[in-house]
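Each chain is listed here by its residues.
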Amino acid sequence: MTPTSIKPKAVVFVDFEHWYISMAKMYGKKPDIKNWYAEMSGKYNVAEVCFFGDFSHPALRAEIPRIREVTNFVIETQNASPHHKKDYTDFIMLDHIYQRAMTGSDIDTFIIFSGDGHFSSVVSFLCIKLGKNVGIYGVRDAISNQLKNSASWVIEIPAKNAEHLEYYRMILRNLKRLSETSAGRRKKHRPAFWPTVEAVSKYNGADKEKVTEALRKMIEEGYIYQTTERLRTKTVKVLKVDWKKVEKDEIFEL
């Protein structure tokens, strides 16, 4: 891992309404705040993380304890006006971003978690006028193209292979466990395709078709390959893992 002293220094602004509501409507999931933060702080020296939202909404308010696991900067954006608009959160975020831009000469990277096109102007300002690296996190299929085009980089959540990744890890845990229990034994485990599908599905209570699809995809992508081994009475195809590729692509933590 890169030492903290040489990581780019970053400040982060999170439109939690975008994250929570878009994930719920489009994917039926809640934000994975802890893993998102862990991934981001592995790349950046995160100086500040600010979450913005109307936390009078019960579902958002229930997420505050999880937010506080990564930051204490939680900005309430509730608008007392009866003509409440979601844009109110954007305006408050924009104010904070511009203020930080004026005092952030030591900041290398500004990270904004939102999909709203309202932020494209401040992103352009940070990139062009101040020469900052500006990254966008946003919910997949809920990010303005204008915002995408103005940023230095964009990461969409969930990743395209996010669902497959969950099954990849189930399969790899199974194969790693078999390799460890085989170590030093005369009779070794020789995991084959269909017995692995059965074992992973049963152990994890997972859908068999999805496990099958994930295992086939892992073979296509080179994370797993098949070798032919001769036993006493038959020839079998055995699954092997390219652990170096798995570790390099951060698919599974060894």
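Note that the structure is predicted; figures quoted are calculated from it, not measured.

## Description of the confidence of the model for the protein
Reasoning step 1: Confidence in the prediction of the protein, expressed as mean pLDDT, is 89, and 91% of residues score 70 or more.
Reasoning step 2: The least confident element of the protein is helix α8 (residues 162-182), whose mean pLDDT is 86; the most confident is strand β4 (residues 109-113), at 98.

## So, the packing of aromatic side chains
Reasoning step 1: Considering all chains together, one arrives at 17 aromatic pairs under this definition.
Reasoning step 2: When the ring of W19 is compared with that of F51, the centres are 6.5 Å apart and the planes differ by 25°; the resulting orientation is stacked. With W19 in helix α1 (residues 16-27) and F51 in strand β2 (residues 45-53), the pair connects residues that are 32 residues apart, well separated along the chain.
Reasoning step 3: With centroids separated by 5.8 Å and ring planes inclined at 65°, the aromatic side chains of W36 and F113 adopt a geometry described as edge-to-face. Of this pair, W36 sits in helix α2 (residues 33-43) while F113 sits in strand β4, and the two are 77 residues apart along the sequence.
Reasoning step 4: We classify W36 as buried; its relative accessible area is 4%.
Reasoning step 5: By way of ring pairs, the aromatic residues F16, W19, Y20, W36, Y44, F51, F55, F113, Y137 and W153 are connected into one cluster.
Reasoning step 6: In this structure, R177 is placed above the aromatic ring of Y203, and the distance from its NZ or CZ to the ring centre is 4.4 Å.
Reasoning step 7: Over the face of the ring belonging to Y223 we find K245, whose NZ or CZ atom lies 4.9 Å from the ring centre.

## Some thoughts on unusual backbone geometry
Reasoning step 1: Here the amide bond leading from I157 into P158 is cis, since omega sits at -5°, within 30 degrees of zero.
Reasoning step 2: Topologically, P158 is positioned in the loop between β6 (153-157) and α8.
Reasoning step 3: The phi dihedral of D141 falls on the positive side, at around 70°, and the residue is not glycine.
Reasoning step 4: Along the chain, D141 turns up in the loop between β5 (133-139) and α7 (145-150).
Reasoning step 5: Assessed through its relative accessible area of 62%, D141 is described here as exposed.

## Points about the nonpolar core
One recurring pattern in soluble globular proteins: nonpolar side chains tend to sit buried together.
Reasoning step 1: Within the largest apolar cluster, 26 residues are counted, with the highest numbers of intra-cluster contacts made by F16, W19, W36 and F51.
Reasoning step 2: Looking at this core, the elements with two or more residues in it are β1 (9-15), α1, α2, β2, α4 (64-67), β4, β5 and β6.
Reasoning step 3: Residue contributions to this core peak at four residues, all from α1.
Reasoning step 4: Not counting residues within four places of it along the chain, the set of residues in contact with W36 comprises V12, V14, W19, V49, F51, F113, Y137 and I157.

## Concerning the pairing of β2
Reasoning step 1: By the bridge criterion, seven bridges tie β1 to β2 in an arrangement that is parallel. From the neighbouring strand, V14 faces β2, where its bridge partner is F51.
Reasoning step 2: When β2 meets strand β3 (residues 73-76), the two strands line up parallel, connected through four bridges. Looking across to β3, one finds that F52 is bridged to I75.

## Description of the sheet that holds β5
Reasoning step 1: Taken in spatial order, the six strands of this open sheet run β3-β2-β1-β4-β5-β6, and their pairing is parallel. At either end of the open sheet lies a strand with only one pairing partner, and these are β3 and β6. The sheet shows a mean angle of 15° between the axes of neighbouring strands, taken without regard to direction.
Reasoning step 2: Sheet contacts for α1: β1, β2, β4, β5 and β6; angle to β5, the most-contacted strand, approximately 35°.
Reasoning step 3: Seen against the sheet, α2 touches β1, β2, β4, β5 and β6 and runs at an angle of roughly 145° to β2.

Quick notes on the rules
- Residues numbered from 1 in each chain as written.
- Predicted model: local features only at pLDDT ≥ 70, side-chain atom pairs only at ≥ 80, totals over all residues.
- Heavy atoms only, no water.
- pLDDT = per-residue confidence, 0-100.
- Helix = DSSP H or I, 4+ residues; strand = E, 2+ residues; numbered from the N terminus.
- Phe/Tyr/Trp six-rings, centres within 6.5 Å; stacked < 30°, edge-to-face > 60°.
- Buried < 20%, exposed > 50% of the residue type's maximum accessible area, 1.4 Å probe, protein only.
- Lys NZ or Arg CZ within 6 Å of the ring centre and 35° of its normal.
- Core = buried A, V, L, I, M, F, W, Y, C linked by side-chain atoms within 4.5 Å.
- Contact = heavy atoms within 4.5 Å.
- Pairing = 2+ DSSP bridges.
- Axes fitted to C-alpha atoms, helices over the stretch in contact; angles between N-to-C directions.

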